[in-house]
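# Coordinate analysis (summary)
This is what each chain is made of:
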Amino acid sequence: MSSANLPSRAGNSAVHDVEKQGVDDTTEETSEAVLGRHTFGADFISRLAVKDGEVYELHPEKNSKWYQRLIDAGVEENGIKPVPLEQRTSTQYNNLFTVFFTCLLNILPIPTGLLATLAFGMGLRDASLVILFFAMLTSLPPAFMGIGGMQTGLRQLVQARYSFGKYLVIIPLLLNAATVTGFCLLSAIVGGQTLSSLSPDGVSVKVGIVITCLVSFSVSLLGFNSVHFWERWTWIPNLIALVIAVGCGGHHLSHQSVLEPATPAQALSYGGLIAGYFITFSGTASDYSIYHKPKGVSKVKIFMYIYLGLLLPSVPLLILGAAIGGAVPNVPSWNAAYQVTGVGGVLYEMLTPAGGFGKFIIVLLALSVIGNIAISMYSVSLNLQMLLPPFTKVPRFVFILATMAIMIPLAIKAAEEWEESLTNFLAVIGYWAGCFAAVSILELVVFRRMDYSTYEHSIWNVGRKLPPGVAALGASLCSMGLVVPGMAEPWFTGPIAKTTGDIGFEMAFAVTALCYLPFRWLEIRLRGHL
């Protein structure tokens, strides 16, 4: 089923739509012929008309007063429906840099980098090289895929319907929703630990998590414009706070543990974690560009905005985390603080020389994760709207409420086994994201020949016109034949990984790509069209 938008004639400022009732966009039929095939109430029929094969509601009912007040206050009304070309008017393309730059310019990358030295036993130099290489490599897919939002007017997982189909797309949809929620959990835990470090006896990590989630909720509630506005400016205090923390406690970073050179297995296993950190943005990148004007701007420029937005804040902070991890065992105060409140405790110890001002900086650092949680909540609410057809009618903010209600208790539980939770999460999510990115990129580049117009709005919700998704899902499942033997997790190490280290992400991307080419070709031949 497809949808279309038409301005209301009832004086309501919001844009309304009704779903297409079995009418092809190429079919010229009168409203009487269309309505004759359906049974509607008389009042509803009187409000319908047909134009260019689409059924419209001429006089849609107004929103309820409470919902209209939310819209008037700035809450984004549109959810997963395609954004027509005439509504893609934003020319603030540098927002696509700041939305990712601010999202990652916070304390979340620090514990991820810390794992390289504390958990994987790598030296700072080797950890830094692995971080730089895998970050540069795995930021490429999301930066490329992010161009599609402004070119198609479709959210990232709606675009995925043009390869996975309307129904099988539910699988990557659920995986993406779990991934994005997982990043929310990690951010909430780090923010909660940092707040708790101010007074471990008075403010527990659990209370810190709740405070962080509630503040983040208010930003993501309003939607696209508020997310972009927040991300456009809050990187400034985040950067200042991080620089002050390093300036106050950075002299201890020279006390690095002396370790053996990293083995290939260590480098590949930790590289898989870094891949999971970056490539998972492939599932959300287009969500933040669908209102941008596609004409008059170079695709290369948009690619670089997103690529640098992912890369520039993350690499230095990941390396900083690796440096902190290498020094923690050799600085007694840091080690003791880490045992109580994790990386938040270490940051507090770094800022101890600044006295009361240092505590203020700790609060800023704790709240720096809001930008990450806000865009994550925004994307997961869109994913949940796609799960079932009736969900498209549910306002987006309802799903944000539901996500927050689920996220808080999960974050509190995950915080109890922090390092293990972080390691398992980042490694596993890289596997499915590799499959998803391979399918999405090949679909656009090989089969649609970089023609974004083939992502037709008229069929975005018409299951019989979209691909069945067998090729995409089949290719992804075939890759599991090498992904599983190439996994190296605390709970399972495959026979290949015992020799090579974790190569699950690499196998997921490469094997899915190789299988998707013949599978999709055959699917197109059998259907006779894309």
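The rules behind each value
- Residues numbered from 1 in each chain as written.
- Predicted model: local features only at pLDDT ≥ 70, side-chain atom pairs only at ≥ 80, totals over all residues.
- Heavy atoms only, no water.
- Helix = DSSP H or I, 4+ residues; strand = E, 2+ residues; numbered from the N terminus.
- Expected span 1.5 Å × (residues − 1).
- Buried < 20%, exposed > 50% of the residue type's maximum accessible area, 1.4 Å probe, protein only.
- Phe/Tyr/Trp six-rings, centres within 6.5 Å; stacked < 30°, edge-to-face > 60°.
- Lys NZ or Arg CZ within 6 Å of the ring centre and 35° of its normal.
- Arc of directions from axis to C-beta.
- Contact = heavy atoms within 4.5 Å.
- Core = buried A, V, L, I, M, F, W, Y, C linked by side-chain atoms within 4.5 Å.
- 1 Å grid on protein atoms, 1.4 Å probe; cavity = no way out; pocket = protein on both sides within 12 Å on 5 of 7 lines; lining within 4 Å.
- Points joined across faces, edges and corners; volume = space filled by probe spheres on them.
- Nonpolar A, V, L, I, M, F, W, Y, C, P; charged D, E, K, R; others polar.
- pLDDT = per-residue confidence, 0-100.
- Axes fitted to C-alpha atoms, helices over the stretch in contact; angles between N-to-C directions.
- Parallel < 35°, antiparallel > 145°, perpendicular 65-115°, else oblique.
- Left-handed = near helix turned anticlockwise from the far one by under 90°.
- Polar contact = N/O pair within 3.5 Å; in protein donor to acceptor, adjacent residues only side chain to side chain.
- Patch = residues over 30% accessible without salt bridge, like charges linked within 9 Å, V, L, I, M, F, W, Y side chains within 5 Å.
- Areas by Shrake-Rupley, 256 points an atom, 1.4 Å probe, with all protein chains shown as cover.
- Salt bridge = Lys/Arg side-chain N within 4 Å of Asp/Glu carboxyl O.

## Structural notes on helix α11 (residues 170-196)
For α11, with 27 residues, the first-to-last C-alpha span of 38 Å sits near the 39 Å given by 1.5 Å per residue. With 22 of its 27 residues buried, α11 lies for the most part within the structure.

## Structural notes on the packing of aromatic side chains
As enumerated under the stated definition, the model contains 15 aromatic pairs in all. Residues Phe133 and Phe134 carry aromatic rings whose centres are separated by 5.3 Å and whose planes lie at 90 degrees to one another, so their mutual orientation is edge-to-face. With relative accessibility at 7%, the residue Phe134 sits in the buried group. Following the ring pairs from residue to residue traces out a cluster consisting of Phe100, Phe183, Tyr277, Phe278, Phe281 and Tyr288. Positioned over the ring face of Tyr455 is Arg448, at 4.7 Å from the centre of the ring.

## Concerning helix α14 (residues 235-249)
Taking 1.5 Å of rise per residue, 15 residues should cover 21 Å, and α14 covers 21 Å from first to last C-alpha, within 8% of that figure. Buried within α14 are the following residues: Asn238, Ala241, Leu242, Ala245 and Gly249. Summarising the axial view, the buried residues of α14 lie within an arc of 100 degrees, below the 170-degree limit, and thus occupy one face. The outward face of α14, more than 90 degrees from its buried face, is lined by the exposed residues Val243 and Gly247. Buried residues along α14 sit in contact with α4 (95-104), α5 (109-118), α16 (299-327), α17 (332-351) and α18 (355-367).

## A few points about the nonpolar core
Ranked by size, the top nonpolar core spans 133 residues in total, and within it Tyr270, Ile324, Trp334 and Leu365 carry the most contacts. Once you skip the residues sitting within four places of it in the chain, Tyr270 turns out to touch Thr112, Gly113, Leu115, Ala116, Phe120, Met122, Val130 and Ile131. Within the second largest apolar cluster, 5 residues are counted, among which are Tyr431, Cys435, Val483 and Ala508.

## Notes on empty space enclosed by the protein
Considering all chains together, one arrives at 3 cavities of 30 Å³ or more under this definition. Considered as a void within the structure, the largest cavity measures approximately 150 Å³ in volume. Around the largest cavity, the lining comprises 14 residues; the ones closest to its centre are Val180, Phe183, Phe281, Thr284 and Ser376. Within the residue set of the lining of the largest cavity, elements represented by two or more residues are α4, α11 and α19 (370-385). When grouped by side-chain class, the residues that make up the lining of the largest cavity number 8 nonpolar, 6 polar and no charged. Of the volumes computed, that of the second largest cavity is approximately 120 Å³. Residue lining of the second largest cavity: 13 residues in total, with Gln156, Gln159, Ser440, Leu444 and Tyr455 positioned closest to the centre. Within the residue set of the lining of the second largest cavity, elements represented by two or more residues are α7 (140-145), α9 (156-159) and α21 (418-447). Top element by residues in the lining of the second largest cavity is α21. It accounts for 4 residues. Here the residues of the lining of the second largest cavity sort into 7 nonpolar, 5 polar and 1 charged.

## Digging into the side chain of Ser476
Inspection of the secondary structure assignment puts Ser476 in helix α22 (residues 470-483). For Ser476, a relative accessible area of 11% corresponds to the buried category. Ignoring sequence-local partners within four residues, the contact set of Ser476 consists of Phe164, Cys435, Val439 and Thr512.

## What about the confidence of the model for the protein?
In low-pLDDT segments, the atomic positions of the prediction should not be examined closely. The pLDDT averaged across the protein works out to 83; a share of 83% of its residues lies at or above 70. Below pLDDT 50 for its whole length, residues 1-60 participates in 114 contacts with residues either more than four positions away or in separate chains. Across residues 70-75, where pLDDT falls below 50, the model places 10 contacts with residues more than four positions away in sequence or in other chains.

## Description of the packing of α4 against α19
Between α4 and α19, the shortest axis-to-axis distance is 6 Å and the interhelical angle comes to 120 degrees. Judged by the angle between their axes, α4 and α19 are oblique. For α4 against α19, the interelement crossing comes out left-handed. Note on element contacts: α19 touches α4 through Gly371, Asn372 and Ile375, opposite Val99, Cys103 and Leu104. Per-class residue counts for the contact of α4 with α19 are 4 nonpolar, 2 polar and no charged.

## Let's talk about the environment of Ser289
Summarising the element assignment, Ser289 is placed in the loop between α15 (264-279) and α16. With a relative accessible area of 0%, Ser289 lands in the buried category. Among the polar contacts listed, one links the side chain of Ser289 to the backbone oxygen of Gly146, at a separation of 3.0 Å.

## Quick look at a nonpolar patch on the surface
Taken together, the side chains of Phe229, Trp233, Ile236 and Ile240 make up a nonpolar region of the molecular surface, amounting to roughly 430 Å² of accessible area. Among the elements of the structure, α13 (224-233) and α14 are those that each provide at least two residues to the nonpolar patch. Residue position: Trp233 is located in helix α13. Trp233 sits in the partly exposed class, given a relative accessible area of 48%.

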